[in-house]
Amino acid sequence: MSKQVSITDAAALVPDNAVVAVNSSSGLCCPDAVLAGIGERFDTTDAPRNLTTIHPIAAGDFFGTKGIDHIAKPGCLSRIIGGSYPSGPTNAEPPLIWQMITGNQIEAYNVPSGIIFDMLREGAGQRPGVLTKVGMETFVDPDLEGCAMNDAARARAIVRRERFAGEDWLYFEALKPDVAIIRATTGDQRGNLSFESEGAYLGAVEMALAAHNNGGIVIAQVRRVAQNGSIRPHDVHVPGILVDHVVEAPDMLQTTATPYDPAISGELIRPLDSFQMMDFGVQKVIARRVAQELERDWAVNVGFGVSANVPRIFLEEGQHGAVTWVIEQGAVGGIPLLDFKFGCSANAEAFVTSPHQFAYFQAGGFDCSLLSFLEIGADGSVNVSRLAATPHRTAGAGGFVDITARARRIVFSGTFNAGAKMRIDDGRLAIDKEGKIAKIVPQVDQVSFSGKRAVRQGQRATYITERCVMQLTGSGLEVTEIAPGIDLERDVLSQAATPLKVASDLREMDAALYRPEPIGLLV
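Cut-offs used in this document
- Residues numbered from 1 in each chain as written.
- Predicted model: local features only at pLDDT ≥ 70, side-chain atom pairs only at ≥ 80, totals over all residues.
- Heavy atoms only, no water.
- Helix = DSSP H or I, 4+ residues; strand = E, 2+ residues; numbered from the N terminus.
- Rg over C-alpha atoms; globule rule 2.2 N^0.38 Å.
- Buried < 20%, exposed > 50% of the residue type's maximum accessible area, 1.4 Å probe, protein only.
- Contact = heavy atoms within 4.5 Å.
- Areas by Shrake-Rupley, 256 points an atom, 1.4 Å probe, with all protein chains shown as cover.
- Lys, Arg positive; Asp, Glu negative; His and termini not counted.
- Charge placed at Lys NZ, Arg CZ, Asp CG, Glu CD.
- Salt bridge = Lys/Arg side-chain N within 4 Å of Asp/Glu carboxyl O.
- 1 Å grid on protein atoms, 1.4 Å probe; cavity = no way out; pocket = protein on both sides within 12 Å on 5 of 7 lines; lining within 4 Å.
- Points joined across faces, edges and corners; volume = space filled by probe spheres on them.
- Nonpolar A, V, L, I, M, F, W, Y, C, P; charged D, E, K, R; others polar.
- Pairing = 2+ DSSP bridges.
- Axes fitted to C-alpha atoms, helices over the stretch in contact; angles between N-to-C directions.
- Core = buried A, V, L, I, M, F, W, Y, C linked by side-chain atoms within 4.5 Å.

(A) Examining the overall build of the protein chain more closely. Regarding its fold elements, the protein chain presents 12 helices and 30 strands. In terms of C-alpha radius of gyration, the protein chain reaches 23 Å, essentially the compact-globule figure of 24 Å for 523 residues. Viewed in the frame of its principal axes, the protein chain has a C-alpha envelope of about 75 × 50 × 45 Å. Put simply, the protein chain has 523 residues, and 60% of those count as buried. Taking the intrachain contacts of the protein chain between residues at least 6 apart in sequence as the baseline, contacts between residues at least 24 apart amount to 76%. Carbon together with sulfur atoms contributes 49% to the accessible area of the protein chain, which is approximately 19,900 Å² in total. In the protein chain, which carries 47 positive and 61 negative side-chain charges, the distance between the mean positions of the two groups comes to 2 Å.

(B) Broad picture of the pattern of salt bridges. In this structure the tally under the stated criterion is 34 salt bridges. The salt bridge involving Glu-137 is made with Arg-456; its shortest N-O contact spans 2.2 Å. Here Glu-137, found in the loop between strand S5 (129-132) and helix H5 (151-154), pairs with Arg-456, found in helix H11 (residues 451-457); they are 319 residues apart in sequence, far enough to count as distant. Through salt bridges with shared partners, one network takes in Asp-141, Asp-143, Arg-161, Arg-163 and Asp-168.

(C) Spatial organisation of the layout of surface pockets. One number sums up the size of the second largest pocket: a volume of about 340 Å³. Taken together, 16 residues line the second largest pocket, and the ones lying closest to its centre are Arg-79, Ile-158, Glu-173, Ala-174 and Leu-175. Of all the elements in the fold, those that place two or more residues in the lining of the second largest pocket are strand S3 (77-82), strand S6 (159-164) and strand S7 (167-173). Sort the elements by how many residues they give to the lining of the second largest pocket and S7 lands first, with 3 residues.

(D) Here's a closer look at empty space enclosed by the protein. Following the criterion strictly, the structure yields 2 cavities of 30 Å³ or more and no others. Here the largest cavity is characterised by a volume of approximately 100 Å³. Taken together, 15 residues form the lining of the largest cavity, with Met-136, Thr-138, Thr-404, Ala-405 and Arg-453 sitting closest to its centre. When contributions to the lining of the largest cavity are tallied by element, the ones reaching two or more residues are helix H10 (400-404) and H11. Partitioning the lining of the largest cavity into residue classes produces 6 nonpolar, 7 polar and 2 charged. Along the lines of polarity and charge, the residues of the lining of the second largest cavity split into 6 nonpolar, 2 polar and no charged.

(E) Up close: unusual backbone geometry. Here the amide bond leading from Ala-47 into Pro-48 is cis, since omega sits at 5 degrees, within 30 degrees of zero. For Asn-104, which is not glycine, the phi torsion reads 60 degrees and is therefore positive. Considering the arrangement of structural elements, one finds Asn-104 in the loop between helix H3 (96-102) and strand S4 (107-110). Residue Asn-104 is classed as partly exposed on the basis of its relative accessible area, which comes to 35%. Despite not being glycine, Asn-347 shows a phi value in the positive range, around 65 degrees. Relative to the helices and strands, Asn-347 resides in the loop between strand S16 (345-346) and strand S17 (350-351).

(F) The arrangement of the sheet that holds S7 in detail. The strand order across the open sheet formed by 3 strands is S5-S7-S6, and the pairing between neighbours is antiparallel. Unpaired on one side and paired on the other, S5 and S6 mark the two borders of the sheet. Each neighbouring strand pair of the sheet contributes to a mean axis angle of 35 degrees, computed without reference to strand direction. Here S6 pairs with S7 via 6 bridges, running antiparallel. Looking at the pairing, Phe-164 lines up with Glu-167 of S7. The strands touched by helix H4 (residues 113-124) are S5 and S7; relative to S5, the strand with the most contacts, the crossing angle is about 135 degrees.

(G) Molecular detail of the sheet that holds strand S19 (residues 375-377). Taken together, 3 strands build an open sheet; the order of strands is S20-S19-S26 and the sheet is mixed. Two strands bound the open sheet, and with one partner strand each, they are strand S20 (382-383) and strand S26 (440-441). Sheet topology note: the S19/S26 ladder contains 2 bridges and is parallel. Paired with Gly-377 across the bridge in S26 is Val-441.

(H) A look at the nonpolar core. By size, the foremost hydrophobic cluster in this structure holds 108 residues, and its most contacted members are Val-111, Phe-172, Val-238, Phe-412, Tyr-463 and Met-470. Those residues in contact with Phe-412 that lie beyond four places of it in its chain are Leu-371, Ser-372, Phe-373, Val-382, Phe-400, Phe-449, Ala-461, Thr-462, Tyr-463 and Ile-464. Counting 30 residues, the second-largest nonpolar core is a separate cluster that includes Ala-11, Cys-30, Leu-51 and Leu-77.

(I) Region of the structure containing the pairing of strand S23 (residues 421-425). Relative to strand S24 (residues 428-433), S23 is paired through 5 bridges, and the arrangement is antiparallel. Bridge pairing links Met-422 to Ile-431 in S24. Where S23 folds back onto S24 in an antiparallel hairpin, the turn is made up of 2 residues, including Asp-426, whose phi is positive at roughly 55 degrees.

(J) Quick peek at the environment of Phe-172. Topologically, Phe-172 is positioned in strand S7. A relative accessible area of 0% places Phe-172 in the buried class. Residues in contact with Phe-172, not counting those within four places in the same chain, are Val-111, Ile-115, Met-119, Gly-129, Val-130, Thr-132, Val-140, Cys-147, Ile-158 and Val-159.

Below is the structure:
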């Protein structure tokens with residue numbers, strides 16, 4: 001008997017008060033057609049009501065994939081547990097989900113992505129919950145904010161501290177979805193799923209297990225439905241025994257604003273000369289300096305922002321393959337992509353599931369992480385997850401807290417302050433107008449990374465900007481390098497909103513960074 005159903009019939013299967021888990025990363029693997037069907041059902045029948053949704057990584061975006069916004073309606077959605085949320089430009093209208101969060105219409109939590117996958121895995125195994133040190137002394141910790149994004153969430157705690165085996169831990173209860181909504185490329189009539197045109201697996205099988213093993217249902221959105229036996233057993237990533245219903249959506253996007261790119265799914269190896277390099281400017285200077293921190297044969301995590309361009313610096317410098325890039329969505333190797341395709345890699349060597357990738361990150365199994373910052377505190381703490389004035393500009397923490405929890409080496413990058421007008425003139429940095437918003441502050445608005453904990457754990461953290469390099473020390477931030485053309489007092493110390501130490505051996509940043517020619521990167 002075929003498991004194929006219509007979108008309308010699939011949407012009708014979601015009951016009131018259901019806990020619904022959604023496998024997605026912005027537009028990547030987002031089961032948007034099924035979410036749209038649920039939203040349309042609510043508009044016409046006022047059901048389902050009072051849903052709780054679980055999103056290890058954001059569902060939807062600003063650019064054509066509505067995702068969670070299909071069901072972000074008062075009465076339909078009452079609680080959301082998200083590792084990240086749709087984010088976009090300051091001048092854009094905030095997504096409906098952000099309007100509900102900031103309007104206190106919904107209980108909203110920002111739980112690190114890896115922990116959410118752990119919570120689902122524990123639910124699948126009928127275990128009580130997750131004991132972890134990931135997130136301690138950050139906004140995740142109940143001693144700070146306990147993951148709550150608004151007052152509605154603060155009234156119902158999602159995490160607590162527990163004493164176990166003589167140590168303090170954070171404890172999250174297991175998640176047991178009533179419905180899991182996942183996506184694949186091909187599903188046969190028995191529900192076996194293959195992912196040949198997807199750029200990641202994310203947590204599809206873990207999410208399906210969590211729902212199935214707790215008496216829930218699993219709905220799979222696919223591009224096409226095939227005859228039983230059409231999919232090679234080795235190509236089946238989610239077996240049909242875990243899938244209850246299959247919905248065909250032939251027009252689904254591969255990822256945000258991208259109908260289909262075979263290099264994303266590993267079906268094509270792109271020529272290296274087809275990748276666009278960064279234009280010369282301040283952002284490229286920062287990315288180049290970050291590249292100088294890396295060593296041959298390292299496995300390096302890459303996050304959003306300036307650091308996402310570092311793989312292209314390696315490519316331009318003839319060093320592609322000297323390090324292996326790893327991203328939280330699951331790609332290993334290749335070249336992580338930018339902009340709408342962020343979260344995907346072209347020419348990947350392997351795809352692993354996000355839960356396995358996060359286990360690798362949480363235990364510090366990799367060599368280095370390249371990440372951004374919104375603010376840096378006097379103690380080296382970093383805020384990357386909350387921008388109070390325009391919350392929808394940030395996606396929340398995503399995998400940032402999982403990745404930095406035990407990383408041996410972290411390189412944060414970004415501009416020194418916000419809004420400065422700068423240029424590079426004959427190999428020297430020139431600041432025409434200073435920014436009005438300091439990013440180096442006495443205390444960050446939200447602690448996404450704890451500098452004090454990092455010092456105690458022996459983690460090495462470096463902060464790279466266009467005008468200086470800083471290191472984390474036991475007594476806070478220390479300026480170790482300044483750019484050519486920069487005055488230490490005028491352009492660095494006086495532009496920070498908190499005092500900075502200066503290294504006794506302060507040196508000038510490599511002059512080659514500030515010239516358009518290749519820098520001769522050696523790793």
